[in-house]
Amino acid sequence: DQTAHYRAQLSLVEGPGREVPHAVLIAKAETGGFRPAIDFVMLKQTLPVLRRLRAKNPRLRIFVPLGLASLNGAADLDRLVILMEEAADVAVSIVLEIEHRNLGSLGAAGIDGLARLGRLGVTMALTGVSTSGLDLAALGHIAIDEPRGGGSTRSSQGRSKNSRR
């Protein structure tokens, strides 16, 4: 029995025994304008670990949280796309975690960036979703793989390269 999914997290140490937990680090990075840099470093540091883990389990995936600022900044998105182009061997094992509330704030460049990452094999997962706040009709207009029974997925708009029927 093998672990199929991991979640990447960063933390910092502020002196002896004083760790800054991931959630606190991300919140401070958001307010300080450093979230794109943190997201890039986290994704980059995940890649060598992912390669080692995939040697034992090729189906393994790592979830990597990604903030809104990383998606709406053209230069930041370009850095992420280039990184995934360079990591083409493991891009299909990266799942970017995106806060559901951030989807409505994505500009055209952010949506295009997600599409570019998707074409490289990167998948996305929504976090912070509740059924009361989920607009299923709106989601039906974009290509999203929806979980189905038995571990397969179905694309809500045509067939994506990551979906199985």
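Here the structure is a predicted model, which is why all the values come from computation and not from measurement. (Residues numbered from 1 in each chain as written. Predicted model: local features only at pLDDT ≥ 70, side-chain atom pairs only at ≥ 80, totals over all residues. Heavy atoms only, no water.)

## Brief notes about the overall build of the protein chain
The condition that has to hold: A run of DSSP states H or I qualifies as a helix once it reaches four residues; a run of E qualifies as a strand once it reaches two. Both are numbered from the N-terminal end. Only protein chains enter the accessibility calculation, which uses a 1.4 Å probe. A residue is then buried if its area is under 20% of the maximum for its type, exposed if over 50%, and partly exposed in between. Residue contacts follow a heavy-atom distance rule, with two residues in contact if any of their heavy atoms lie within 4.5 Å. Computed with the Shrake-Rupley method and a 1.4 Å probe, the accessible areas treat only the protein chains shown as cover for residues.
The helix and strand inventory of the protein chain stands at seven helices and eight strands. Buried positions account for 35% of the 165 residues belonging to the protein chain. Restricting to contacts in the protein chain with at least 6 residues of sequence separation, those with at least 24 account for 64%. About 9700 Å² of surface is accessible on the protein chain, with carbon and sulfur atoms providing 55% of the total.

## Quick notes on the side chain of Asn57
By secondary structure assignment, the location of Asn57 is in the loop between helix 2 (35–56) and strand 4 (61–65). The contact partners of Asn57, leaving out residues within four places of it in the chain, are Gln2, Thr3 and Ala4.

## A word on helix 1 (residues 22–32)
What counts, and what does not: When we speak of the arc, we mean the arc of directions from the helix axis to the C-beta atoms.
Of the residues making up helix 1, those classed as buried are His22, Leu25, Ile26 and Ala29. Down the axis of helix 1, the buried set is contained in an arc of 95°. They therefore lie on one face. Facing away from the buried side of helix 1, by more than 90 degrees, are the exposed residues Ala23, Lys28 and Thr31. For helix 1, the elements touching its buried residues are strand 1 (5–7), strand 2 (12–13), strand 3 (19–20), helix 2 and strand 4.

## As for the sheet that holds strand 4
Definition in use: At least two DSSP bridges between two strands are needed for those strands to be called paired. A fitted line through C-alpha atoms serves as each axis, taken over the contacting stretch for helices, and the angle formed by two N-to-C directions is quoted from 0 to 180°.
An order of 1-4-5-6 is seen for the four strands of this open sheet, with the pairing classed as parallel. Single-partner strands in this sheet number two, and they are strand 1 and strand 6 (123–127). Taking each pair of neighbouring strands and ignoring which way they run, the sheet shows an average axis angle of 30°. Contacts between helix 2 and the sheet are confined to strand 1, strand 4 and strand 5 (94–99), with strand 4 contributing the most and set at about 170° to the helix.

## Some points on the confidence of the model for the protein chain
Heads up, the rule is: The quantity called pLDDT is the predictor's confidence in a given residue, expressed from 0 to 100.
Mean pLDDT over the protein chain: 81, with 78% of residues reaching 70 or higher. Here residues 146–165 is modelled with pLDDT under 50, and outside its nearest four sequence neighbours on either side it reaches 44 contacts, counting other chains as well.

## Thoughts on the pattern of salt bridges
Just so we agree on the cut-off: We count a salt bridge whenever a side-chain nitrogen from Lys or Arg sits within 4 Å of a carboxyl oxygen from Asp or Glu.
Throughout the structure, instances matching the rule amount to six salt bridges. Across the pair Arg51 and Asp89 runs a salt bridge, and its minimum N-O distance is 2.8 Å. Here Arg51, found in helix 2, pairs with Asp89, found in the loop between helix 4 (74–86) and strand 5; they are 38 residues apart in sequence, far enough to count as distant. Overall, Asp89 belongs to the partly exposed group, its relative accessible area being 46%. One network of salt bridges, in which partners are shared, links Glu30, Arg35 and Asp39.

## Things to note about the nonpolar core
Note the threshold: To define a nonpolar core, start from buried Ala, Val, Leu, Ile, Met, Phe, Trp, Tyr and Cys residues and group those joined through side-chain atoms within 4.5 Å.
If you look at the biggest cluster of nonpolar residues, it comprises 32 residues, and the most contacted ones within it are Val64, Met84 and Ile94. Secondary-structure elements contributing two or more residues to this core are helix 1, helix 2, strand 4, helix 4, strand 5 and helix 6 (108–119). With six residues, helix 2 is the single largest residue contributor to this core. Among all residues touching Val64, those that are not within four sequence positions of it are Ala8, Met42, Leu43, Thr46, Ile94, Val95, Leu96 and Glu97.

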